[in-house]
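Read off the chains here:
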Amino acid sequence: MAEIITLYGKTFHLWQVDRGDQLPLGLPKLMGSFTEQESFPAFDDVLAERDKRYGTDRRKKMELRKDIKEPELHPDVDVANMNSARRKMLH
């Protein structure tokens, strides 16, 4: 996790397993994730449902990752991160 924290929640996906693809089909897609709770009003509800479905616990994962330092935002960060609550608190 420490190696990917600076990706701002974005990565190229070659395989859409959520769609049921058994093989990589089509072009790679740049996809992102929500990197802060304030950006997604239903965050807690959606993650609670996901945790239940997959038998995981985000709070336990957060505890395991608590020593990973939050990176500085690059000045040219994208619009989603530019308007983030975290960035507004820094400025």
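Residue numbering note: each chain is counted from 1, following its sequence as written. Given that the model is predicted, a residue must reach a pLDDT of at least 70 before its local features are reported, and side-chain atom pairs must reach 80 or more before they are shown or counted; all residues, however, enter totals for whole chains, interfaces and linings. No hydrogens and no water enter the side-chain calculation; it runs on all heavy atoms of the structure.

Colleague: Let's hear about the overall build of the protein chain: which residues, and what values?
Modeller: Each helix is a run of DSSP H or I of at least 4 residues and each strand a run of E of at least 2, with the numbering of both proceeding from the N terminus. Counting secondary structure elements, the protein chain contains 4 helices and 2 strands. The order of α-helices and β-strands along the protein chain, N terminus first, is β-β-α-α-α-α. Burial status follows relative accessibility: with a 1.4 Å probe on protein chains alone, a residue under 20% of its type maximum counts as buried, one over 50% as exposed, and anything between as partly exposed. Out of the 91 residues in the protein chain, the part that is buried amounts to 15%. Just so you have it, the protein chain exposes about 7800 Å², and 59% of that area is on carbon and sulfur atoms. Residue exposure ignores everything except the shown protein chains as possible cover, and the areas themselves are Shrake-Rupley values with a 1.4 Å probe.

Colleague: Account for the layout of surface pockets, naming residues and giving values.
Modeller: Lining residues are defined by having an atom within 4 Å of a point belonging to a cavity or pocket. Those points lie on a 1 Å grid over the protein atoms alone, cavities being sets where a 1.4 Å probe fits but cannot get out and pockets being open sets with protein on both sides within 12 Å along at least five of seven lines. Grid points are joined across faces, edges and corners, and a volume is the space filled by probe spheres set on the points. Estimates place the volume of the second largest pocket at around 260 Å³. Partitioned by chemical class, the residues of the lining of the second largest pocket number 3 nonpolar, 3 polar and 1 charged. Here the term charged refers only to Asp, Glu, Lys and Arg, the term nonpolar to Ala, Val, Leu, Ile, Met, Phe, Trp, Tyr, Cys and Pro, and the term polar to all other amino acids, Gly among them.

Colleague: If you had to explain a nonpolar patch on the surface to someone new, which residues and values would you point to?
Modeller: Patch membership is restricted to residues that have no salt bridge and whose relative accessible area is over 30%. Joining uses 9 Å for like charges and 5 Å for the nonpolar side chains Val, Leu, Ile, Met, Phe, Trp and Tyr. One side-chain nitrogen of Lys or Arg within 4 Å of one carboxyl oxygen of Asp or Glu is enough to make a salt bridge. A contiguous nonpolar patch, built from Leu 14, Trp 15, Val 17, Leu 23 and Leu 25 and spanning about 540 Å² of accessible area, is present on the exposed surface. By secondary structure assignment, the location of Trp 15 is in the loop between β1 (10–13) and β2 (29–32). Its relative accessible area of 39% is what places Trp 15 among the partly exposed residues.

Colleague: Would you mind going over the packing of aromatic side chains in detail, with residue names and values included?
Modeller: Whether two aromatic rings pair depends on their centres lying within 6.5 Å, for rings of Phe, Tyr and Trp, where Trp uses its six-membered ring; planes under 30 degrees apart make the pair stacked, over 60 edge-to-face, and the rest tilted. Within the structure shown, the criterion is met by 1 aromatic pair. Between the aromatic rings of Phe 40 and Phe 43, the centroid separation amounts to 6.4 Å while the plane-to-plane angle is 90 degrees, which identifies the pairing as edge-to-face. Using a relative accessible area of 13% as the deciding quantity, one classes Phe 43 as buried.

Colleague: Requested: an account of helix α1 (residues 43–54), with residues and values cited.
Modeller: Over its 12 residues, α1 extends 16 Å from the first C-alpha to the last, a length consistent with the 16 Å expected when each residue adds 1.5 Å. Along α1, the positions that sit buried rather than exposed are Phe 43, Leu 47 and Asp 51. Along the axis of α1, the buried positions cluster into a sector of 55 degrees, meaning they face one direction only. Exposed residues on α1 whose side chains face more than 90 degrees from its buried face are Asp 45 and Lys 52. Here, residues are in contact when the closest pair of their heavy atoms is within 4.5 Å. Those residues of α1 that are buried lie in contact with α2 (58–64). Positive phi shows up at Gly 55, right after α1, with a value of about 65 degrees. The length a helix should cover is 1.5 Å for every residue beyond the first. Throughout, the arc means the angular range of directions from the helix axis out to the C-beta atoms.

Colleague: Account for the side chain of Arg 58, with residues named and values stated.
Modeller: Of note, Arg 58 is situated in helix α2. Apart from the residues lying within four places of it in its own chain, the contact partners of Arg 58 are Phe 43, Asp 44, Leu 47, Arg 50 and Asp 51.

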